[in-house]
Amino acid sequence: MLWRGGQALRRFSTGRVCFKNKLKVALIGQSLFGQEVYSHLCKEGHRVVGVFTVPDKDGKADPLALAAEKNGTPVFKFPRWRVKGKTIKEVAEAYRSVGAELNVLPFCTQFIPMDVIDGPKHGSIIYHPSILPRHRGASAINWTLIMGDKKAGFSVFWADDGLDTGPILLQRSCDVEPNDTVDALYNRFLFPEGIKAMVEAVQLIADGKAPRVPQSEEGATYEGIQRKENAEISWDQSAEALHNWIRGHDKVPGAWAEINGQVVTFYGSSLLNSSIPPGEPLEIKGAEKPGLVTKNGLVLFGNDGKALMVRNLQFEDGKMIPASQYFSSGEMSVVELTAEEVKVAETIKVIWAGILSNVPAIEDSTDFFKSGASSMDVARLVEEIRQKCGGLQLQNEDVYMATKFEDFIQKVVRKLRGEDQEAELVVDYVSKEINDMTVKMPYQCFINGQFTDAEDGKTYDTINPTDGSTICKVSYASLVDVDKAVAAAKDAFENGEWGRMNARDRGRLMYRLADLMEEKQEELATIEALDSGAVYTLALKTHIGMSVQTFRYFAGWCDKIQGSTIPINQARPNRNLTFTKKEPLGVCAIIIPWNYPLMMLAWKSAACLAAGNTLVLKPAQVTPLTALKFAELSVKAGFPKGVINIIPGSGGIAGQRLSEHPDIRKLGFTGSTLIGKQIMKSCAVSNLKKVSLELGGKSPLIIFSDCELDKAVRTGMGAVFFNKGENCIAAGRLFVEESIHDEFVTRVVEEIKKMKIGDPLDRSTDHGPQNHKAHLEKLLQYCEAGVKEGATLVYGGRKVQRPGFFMEPTVFTDVEDHMYLAKEESFGPIMVISKFQNGDIDGVLQRANNTEYGLASGVFTRDINKAMYVSEKLEAGTVFINTYNKTDVAAPFGGFKQSGFGKDLGEEALNEYLKTKSVTLEY
């Protein structure tokens, strides 16, 4: 459901292509790129007879070595191949022993002797990240950007005794995006396409079809390795040239300039095409015009009068800050106290001495808690300071964040000066006057407490399904943005305030967020109607209402997560105590679908946060707006930066990276079974991260003749048409007992004809548009398939003739078990009805369970014994009896079989985001 539009960036076809000719290959090189080339060569049937790579560093093997060793391939780790220009005998013998027919050098930092290069039958091929003969040398990607090339690419060439001068075997190229960095260009094109090309080149050689095209010296360039000492910025250039210089050194070695006597490195450059925002001047050595520190970053000026923006700065000590915070970045140095502030410090010292009466004297190094203070003393300290220091209002958290006296005084002084305030959240809204209100919608990535454009500046349109118009452009998160979000979440968990926060305080923040969501419920419901097509009244009650309830429910769980004590055999004569602790997992990724954008966010993120984790959430590409509004509200609620991160974009890029990221410890996903399987595989291969999956469904609803027919008709329609049928637990197939079948169908059609299809913001509308155009087209194809197979189309099956993505509520009967409609989920307003023989309970149960899905199910009957028997036999995670769609925040929700595993909602959901630690002590 989420990833159909894109392809994973570092993912390739899993199907094996069989060729007649295969080679014995020696792989010489290193890095993740080398590892991927190795893996794909093996997959394509070539025999890698030896891997020659660098020695372990700090006890850690190179990725290429790890993959080869795991696969049983001989691995050789030589620090060098030659001494004083001569090949080392032992190294040469080891190389010859593998009997390679071809050397493949995907990425190699070592000098390889020519007798090795020319040794195999087919010689050696090398990957180089430029379009040769341009940018020969070791910093080719850097120079592609520094020189402002419009095209980038790579070459696979035959090695000779020159420096990147051998004949070309193949080349590939791509456009350079305006704000590409070295990392962005490598991750987007040079890495994934380079791997494919290396494998293709080997096969061309094996098939005897590999060309050898001599390199022309026309246009040839050679540039040396870019190092930090020669990466200083020369300011007498155009804005575009400055931008190219900075991005060409981003991230390594980093372009720098001197500011206030300190070397400062610049990252995240982009050309500024809009008006210059207001800011504070910053003198930069060598620059004719001062830079400008603005709310969005540091503006720099070229000699042509044009400007560029730098987002991040790094100081000599390695500390990196947002450029917008330059003038507040130095506040952590010790501040000099004024005479008035000295008096306040002396008063506070007396207060500390009164509380820490066991300490002979309060020194700068005195630690409040290590000296014996308790949480009750914190309250006393805060209140005494308020009383004796002119009403100065501290928070308990201020004491916990600065426990040493010297640090505490510094914090107090900054609070007195107003310097400790969090930077005000800057939100660039898209505003619309609609639904009798002004709706303000954030549209950028939300990373580390700030809204920011995607690293490469890319955006995409999010569409209003009511009329097909563009609501706004939304940031399209890149791999770099995903990595930034994960790093922010990791830092917040390991080093930030969130990881040290009391569970009850965590719950207080969640209650506050729920209150803000409720306060903004009309605006949130309007955004949901705009972005997803949800009928406003339904969005208000369900999409938003249940989201608020979910956060309140899990807020109450924060301080009730408990382990247990366990009696074990004692290690006599000593005694033992064993207990368990429930601990958060760390950074969690959450990927949600488009049918209930905010509610699915709440179902997963509330449990995740209650357990104490931090999160990176990717909303569905087609419905990102309520998630970004939620991010804004989380800041207003007081959540520390980095705890919640929202990255809009595609599943193929952002979603895939989340499933592969080594710093993520849990991934929760709601979407299709197909993508769920891919995620599970990626999570396993990467770092065995914990996974919970809520996937597809084909939920059966069995209606017996002894039911209350009016209720069965009304509820059965809700089971199918609720939320336009875009409902994971929708009744995908109705089994109606033969004696009431015809009457049931007749009454359903009569009720459908009364439904009003139209604008979801119209309070009288029953049925809104389908979520997006591609989904509507899929539903129409679904109906065509049903008609072709012989099912009876009783009503609907067509697009409503009006702007937007509207579909008629549809009814099919005479659906046989073998038909496509009986097996596959529509995820739309399509009622699929099958008849079953009177009294055949076990027969209809067998048909209902004859599916690989098991998300939900239902039964209508007045016979309680029959109802309980059927509920026991139905193979589904949820069974509804004489009702449907009745979910509650306290009841666990999740499926069986290929509908996934793991639970949302209820106490069980917490276990999806916790780990159990067993502790045993002896006394």
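Residues numbered from 1 in each chain as written. Predicted model: local features only at pLDDT ≥ 70, side-chain atom pairs only at ≥ 80, totals over all residues. Heavy atoms only, no water.

**Brief notes about a nonpolar patch on the surface**
So, point 1. Together, L577, L921 and Y923 make up an exposed nonpolar region whose accessible area comes to about 280 Å².
So, point 2. Structurally, the position occupied by L921 is in strand β40 (residues 914-922). (Patch = residues over 30% accessible without salt bridge, like charges linked within 9 Å, V, L, I, M, F, W, Y side chains within 5 Å. Areas by Shrake-Rupley, 256 points an atom, 1.4 Å probe, with all protein chains shown as cover. Salt bridge = Lys/Arg side-chain N within 4 Å of Asp/Glu carboxyl O. Helix = DSSP H or I, 4+ residues; strand = E, 2+ residues; numbered from the N terminus.)

**Things to note about the UniProt feature "active site" (unreviewed entry) in the protein**
So, point 1. Those residues carrying the UniProt feature "active site" (unreviewed entry) are E694 in this numbering.
So, point 2. Of note, E694 is situated in strand β29 (residues 690-694).
So, point 3. The class of E694 is buried, set by a relative accessible area of 3%. (UniProt positions renumbered as here; feature names shortened; annotations may be inferred. Buried < 20%, exposed > 50% of the residue type's maximum accessible area, 1.4 Å probe, protein only.)

**Considerations on the packing of helix α15 (residues 521-532) against helix α18 (residues 625-637)**
So, point 1. Packing of α15 against α18 brings their axes to within 9 Å, and their N-to-C directions diverge by 155°. Judged by the angle between their axes, α15 and α18 are roughly antiparallel. Where α15 approaches α18, its residues E523, L524, I527, E528 and D531 are matched on the opposing element by L625, T626, K629 and L633. (Axes fitted to C-alpha atoms, helices over the stretch in contact; angles between N-to-C directions. Parallel < 35°, antiparallel > 145°, perpendicular 65-115°, else oblique. Contact = heavy atoms within 4.5 Å.)

**A short note on helix α11 (residues 405-417)**
So, point 1. Look at α11: 18 Å from first C-alpha to last across 13 residues, which is about the 18 Å you get at 1.5 Å a residue.
So, point 2. Turning to α11, its buried residues number three or more, namely F405, F408, I409, Q410, V412, V413, R414 and K415.
So, point 3. Just downstream of α11, G418 is the residue with a positive phi angle, here 75°. (Expected span 1.5 Å × (residues − 1).)

**What to know about the pattern of salt bridges**
So, point 1. For the structure shown, the criterion picks out 38 salt bridges.
So, point 2. In this structure, D149 and R134 form a salt bridge, with 2.9 Å as the shortest nitrogen-oxygen distance. Of this pair, D149 sits in the loop between α5 (140-146) and β8 (151-158) while R134 sits in the loop between β7 (124-128) and α5, placing them 15 residues apart in sequence.
So, point 3. Residues R380 and E384 are paired through a salt bridge, measuring 2.8 Å at the closest nitrogen-oxygen approach. Within this pair, R380 and its partner E384 are both found in helix α9 (residues 375-388), separated by four residues, close to a single helical turn.
So, point 4. Look at R380 and you get partly exposed, because its relative accessible area is 38%.
So, point 5. With relative accessibility at 13%, the residue E384 sits in the buried group.

**Quick word on the side chain of T623**
So, point 1. Mapped onto the fold, T623 is located in the loop between β26 (614-618) and α18.
So, point 2. Judged by its relative accessible area of 2%, T623 is buried.
So, point 3. Those residues in contact with T623 that lie beyond four places of it in its chain are D531, S532, P593, W594, P597 and N771.

**What about the sheet that holds strand β6 (residues 102-105)?**
So, point 1. Spatially, seven strands are ordered β3-β2-β1-β6-β7-β8-β9 in an open sheet, and the strand pairing comes out mixed. Looking along the sheet, the strands with just one partner apiece sit at the ends: β3 (75-77) and β9 (168-175). The sheet shows a mean angle of 15° between the axes of neighbouring strands, taken without regard to direction.
So, point 2. Relative to strand β2 (residues 47-53), strand β1 (residues 24-28) runs parallel, the two being bridged by five bridges. Counterpart to A26 in the pairing with β2 is G50.
So, point 3. Against the sheet, helix α1 (residues 31-43) makes contact with β1, β2, β6 and β7, and its axis sits at roughly 170° relative to β1, the strand it touches most. (Pairing = 2+ DSSP bridges.)

**Some details on the confidence of the model for the protein**
Segments scoring low in pLDDT should not have their predicted coordinates read at a detailed level.
So, point 1. The pLDDT averaged across the protein works out to 91; a share of 95% of its residues lies at or above 70.
So, point 2. Of the regions scoring below 50 in pLDDT, residues 1-19 engages in 56 contacts with residues more than four places distant in sequence or in other chains. (pLDDT = per-residue confidence, 0-100.)

**Some words on the sheet that holds strand β34 (residues 830-836)**
So, point 1. Reading across the sheet, the seven strands line up as β32-β33-β34-β31-β30-β36-β37 and stay open at both edges, with mixed pairing between neighbours. Lying at the two open borders of the sheet, with one neighbouring strand each, are β32 (792-795) and β37 (878-881). Shown here is a sheet whose adjacent strand axes are inclined to one another by a mean of 25°, direction ignored.
So, point 2. When strand β30 (residues 699-703) meets strand β31 (residues 731-737), the two strands line up parallel, connected through five bridges. Residue pairing in the sheet places L701 in a bridge with L734 of β31.

**Overview of the packing of helix α14 (residues 503-519) against α15**
So, point 1. Two elements in contact, α14 and α15, have axes separated by 5 Å at closest approach and are oriented at 70°. The orientation of α14 with respect to α15, classified from their angle, is roughly perpendicular. Here M517, E518 and E519 of α14 lie close against α15, whose contacting residues are Q521, E522 and L524.
So, point 2. When the residues that make up the contact of α14 with α15 are grouped by side-chain class, the tally is two nonpolar, one polar and three charged. (Nonpolar A, V, L, I, M, F, W, Y, C, P; charged D, E, K, R; others polar.)

**Focus: the environment of I385**
So, point 1. Relative to the helices and strands, I385 is located in helix α9.
So, point 2. Separated by 38 residues in sequence, I385 and T347 have C-alpha atoms that sit 8.3 Å apart.
So, point 3. Leaving out residues up to four positions away in the same chain, I385 has contacts with I348, I351, L392, L394 and F408.

**Considerations on the pairing of strand β11 (residues 262-272)**
So, point 1. For β11, the tally of buried residues reaches eight of 11 residues, placing the bulk of the element in the interior.
So, point 2. Bridging between strand β10 (residues 255-259) and β11 involves five bridges; their strand directions are antiparallel. For A257, the partnering residue across the bridge sits in β11 and is V264.
So, point 3. In sequence, β10 turns back onto β11 through a hairpin of two residues, with N260 there showing a positive phi of about 55°.
So, point 4. Bridge analysis of β11 against strand β15 (residues 307-314) gives seven bridges, and the strand direction is antiparallel. When the bridges of β15 are listed, Y267 appears paired with N312.

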